[in-house]
Amino acid sequence: MSKSETCSVNNIYRLNGRVPVTKAVPFGLQHILAMFVANLAPITIIASAGGLAQEEIAVLLQNAMFIAGIATLIQLFPIWKVGARLPIVMGVSFTFVTVLCTVAANYGYPAVVGAVICGGIFEGIIGLFAKYWRKIIAPIVAASVVTAIGYSLFTVGARSFGGGYAEDFGSGKNMLLGTITLAVCLGWNIIAKGYLKQLSVLVGLIVGYIVAIFMGQVDLSVIFSEGFVSLPKFLPYTPEFHVGAIFSVAIIFMVSAAETIGDTTAMVSGGLDRDITVEEISGSLACDGFASAVSALFGCPPVTSFSQNVGLIAMTKVVNRFTIGTGAVCMILAGLLPPVGNFFASLPESVLGGCTIMMFGTIMVSGIQMIAKAGFSQRNITIAALSLAIGIGFTTTSEIDLWRIFPDVVQSVFSANVVAVVFVVSIILNLILPKNLEIEKVSE
């Protein structure tokens, strides 16, 4: 390998710089496969609540892949002030599932489209003016939110490991498949050398997929069940605007903004080893919001940063924008070429769980590292300890009745969302606690 080629390959660890396409594509593809199934699942749930037929859902799934790819490219290569110029991978968020299912059931699916358009523009505008409110999100607040994000994903990883929401969840086949995939990821991480070591997730996904085929866990016939080329459908539903729906969704957009700030902060801290800038927060939120509004024009729920990919960056340190961009192009192709999208979507949940369960743990560890970097002053300890204790304790499934005295809109936002609770409590504590909270020693 020539010296110049070595430098080019090493660019995968740098934000900017070109990487040979043959080297970049596997890393970009690794990012897309890590989030692909999770990108599609929320649409199926929300659309079903809105009474859409299977044919309509298939169109929305195709549109979602296309929009996720476009939104990722905008985050990587901004348009004006929209985009963070960071390796952020975008996809349809689970955060909105509960509220959008309620809107779809009460008002119909066109009301979902209208509410997401308004909520997206709302978040986008807030993002553009981030420099005026950024100071309220102190380092300890961001660290607490990142830790909460990692914690909230543990059950997601465990659910995937056991087979997702399939009827055979927790079966021997699913557990074996998840274990094999995890073992391959760890084994590759041990034996591989150089930059190849960072492809452990992709290798695990490939081996796990092949094993799943032999175990009869993959239906290959669905890959070519549709045509070879299909263009995304613009405005499949005429938007309807209802004040109640818009208000509810706008609140969840604020929760999503908190998650995006946490994801972006964790990615910059873990992948670039520095603090995030106001411009990067502003650009990431603006892209989150405005891309979500565009997503609604294609009939899809909001798109936001994906924590799976933050965990992957923390593991691999692969932050190159061009490299991640090749993955975004693969996502766009999946939206234009149904066989490609069907192939990605056929990846068994257990295989995905085997690869992601350690990534989610990495996010929580990044949060703990950020807390340590913020410093263990009495004030910081109080903010982190109390916000995490309330956030985790009050949103645990067995204690969810704690929220029953609150209005439905409050319950829908906070009762099962540890990130939202931690975000709000940590900000309040950061605003009201005195700057000097150190315990003074009493002299004897």
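Since we're looking at a predicted model, the values are computed, not measured.

### So, the overall build of the chain
And step 1. Scanning the chain from terminus to terminus reveals 17 helices and two strands.
And step 2. Relative to the compact-globule value of 22 Å for 444 residues, the chain shows a C-alpha radius of gyration of 21 Å, a close match.
And step 3. On the principal axes, the C-alpha backbone points of the chain span a range of 75 × 60 × 50 Å.
And step 4. Taking all 444 residues of the chain together, 54% fall into the buried category.
And step 5. Considering only residue pairs separated by 6 or more positions, the chain has 82% of its internal contacts joining residues 24 or more positions apart.

### Overview of the confidence of the model for the chain
And step 1. On average, residues of the chain score 85 in pLDDT, and 95% of them are at 70 or above.
And step 2. Taken together, the stretch residues 1-7 has pLDDT below 50 and engages in three contacts with residues farther than four places along the chain or on a different chain.

### Regarding helix α10 (residues 278-297)
And step 1. For α10, which comprises 20 residues, the first-to-last C-alpha distance of 29 Å matches the rise-based estimate of 28 Å (1.5 Å per residue) to within 8%.
And step 2. At the exit of α10 stands Gly 299, carrying a positive phi of roughly 85 degrees.

### Looking at the pattern of salt bridges
And step 1. In total, this model carries two salt bridges according to the counting rule given.
And step 2. A salt bridge links Arg 274 to Glu 280; the nearest nitrogen and oxygen atoms lie 2.6 Å apart.
And step 3. Two residues, Lys 373 and Asp 275, come together in a salt bridge whose shortest N-O distance is 3.3 Å. Residue Lys 373 is found in helix α14 (residues 349-374), and its partner Asp 275 is found in the loop between α9 (243-272) and α10; the two are separated by 98 residues along the sequence.

### Quick look at the nonpolar core
And step 1. Phe 36, Leu 100, Tyr 109, Leu 205 and Val 249 are the most contacted members of the largest nonpolar core, which has 128 residues in total.
And step 2. Among the elements that take part in this core, helix α2 (residues 21-49) stands out by supplying 12 residues, more than any other.
And step 3. The residues contacting Leu 100, other than those within four sequence positions of it, are Ile 46, Val 112, Val 116, Val 249, Pro 301 and Pro 302.

Cut-offs applied
Residues numbered from 1 in each chain as written. Predicted model: local features only at pLDDT ≥ 70, side-chain atom pairs only at ≥ 80, totals over all residues. Heavy atoms only, no water. Helix = DSSP H or I, 4+ residues; strand = E, 2+ residues; numbered from the N terminus. Rg over C-alpha atoms; globule rule 2.2 N^0.38 Å. Buried < 20%, exposed > 50% of the residue type's maximum accessible area, 1.4 Å probe, protein only. Contact = heavy atoms within 4.5 Å. pLDDT = per-residue confidence, 0-100. Expected span 1.5 Å × (residues − 1). Salt bridge = Lys/Arg side-chain N within 4 Å of Asp/Glu carboxyl O. Core = buried A, V, L, I, M, F, W, Y, C linked by side-chain atoms within 4.5 Å.

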